[in-house]
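Structure at a glance
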Amino acid sequence: MISAILVFNNHGKPRLVRFYQRLAEEVQQQIIRETFHLVLKRDDHICNFLECGSLFGGPDYKLIYRHYATLYFVFCVDSSESELGILDLIQVHYILQEVVIGGMVLETNMNEIVAQAEAQSKLEKTEGGLSAAPSRAVSAVKNINLPEIPRNINIGDINIKVPNLSQFV
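Going by an unreviewed UniProt entry, the chain carries the name Adaptor related protein complex 3 subunit sigma 2 and comes from Apteryx owenii. Quoted straight from UniProt, the Subcellular location (unreviewed entry) entry for the chain says "Endomembrane system". Under the Sequence similarities (unreviewed entry) heading, UniProt states for the chain: "Belongs to the adaptor complexes small subunit family."

Okay, here's the thing in C-alpha cells:
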C-alpha cells in the first residue's frame, strides 16, 4: 500500500504532498523534512530504495524515489508494493508533468513523448544530471589558471575596465 506521495524541488519546497494515512500536520511536516534530507544526501548513482521505518512507525515501510532535473518524486510504501512497479509509476508521473504544463496539454503523440523522455534521460546520464550543473560550473571557474587578473576586457567596440579585486581573492 502507498502511504504517501511527495514531490519536492531541490530546495525541499513541496510541490505535491499526498498522505494516505491520517497523520497530524506536525508529523506530516516532519516526514517531509526528514524525507527530503534522506534523499538529498544520496548520490544519484546509487539505489533508489531506502528503509524508512522510523518515519512511518514500522520496519515494513520504505522510500522509493527518483530525481528528475529539479524535482524529487518520493513514494512511501509498505512491503506489499513492488519497488520496480513504483519506479515505473514515478516515470509515468514525470512524463505526465512534461505533457501537461500549466493546465495545457502540450503533446499528444505517444512516439514524440517517449522520444523526448528518452532524450531527457540520455542527456541527464551524459551530463551527470542537471542538478550537478552548478557545482560543475563552480569547479570550472575555480580551475581556470589565469597568470593575472585581466584589467581591461575588449570585445569589439566595447571596453570594460575590471576593478581591482585582489582584496576578495
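In this section: the nonpolar core. Counting residues in each nonpolar core, the largest one holds 17 residues, and the members touching the most others are Phe8, Val39, Leu63 and Val74. Those elements that provide at least two residues to this core are β1 (2-9), α1 (25-40), β4 (62-68) and β5 (71-77). By residue number, the principal contributor to this core is α1, which donates four residues. What Val39 contacts, discounting residues up to four positions off in sequence, is Phe8, Leu50, Tyr65, Tyr72 and Val74. Grouped together as the second largest cluster of nonpolar side chains are 12 residues, Phe73, Val77, Ile86 and Tyr94 included.

Attention now goes to the pattern of salt bridges. Enumeration over the complete set of coordinates arrives at one salt bridge. The partner of Lys62 in a salt bridge is Glu83, with the nearest N and O atoms 2.9 Å apart. Of this pair, Lys62 sits in strand β4 while Glu83 sits in helix α3 (residues 83-99); the two residues are 21 residues apart in sequence, bridging distant segments of the chain. A relative accessible area of 26% places Glu83 in the partly exposed class.

Calculation notes
- Chains are numbered independently. Their residues run from 1 in the order of the written sequence.
- Where local features are concerned, this predicted model is filtered to residues with pLDDT of at least 70; where side-chain atom pairs are given and counted, the filter is 80 or more; whole-chain, interface and lining totals use all residues.
- To get the side-chain values, all heavy atoms of the structure are used, and hydrogens and water are removed first.
- UniProt positions are given in the numbering used here, feature names are shortened, and annotations may be inferred rather than shown by experiment.
- Put simply, buried Ala, Val, Leu, Ile, Met, Phe, Trp, Tyr and Cys residues joined by side-chain atoms within 4.5 Å make one nonpolar core.
- For every residue, the accessible area (1.4 Å probe, protein chains only) is compared with the maximum for its type, and the residue is labelled buried under 20%, exposed over 50%, or partly exposed between those bounds.
- Numbering of helices and strands starts at the N terminus; helices are DSSP runs of H or I of at least 4 residues and strands are runs of E of at least 2.
- Contact definition: two residues touch when any of their heavy atoms are within 4.5 Å.
- Here a salt bridge means any side-chain nitrogen of Lys or Arg lying within 4 Å of a carboxyl oxygen belonging to Asp or Glu.

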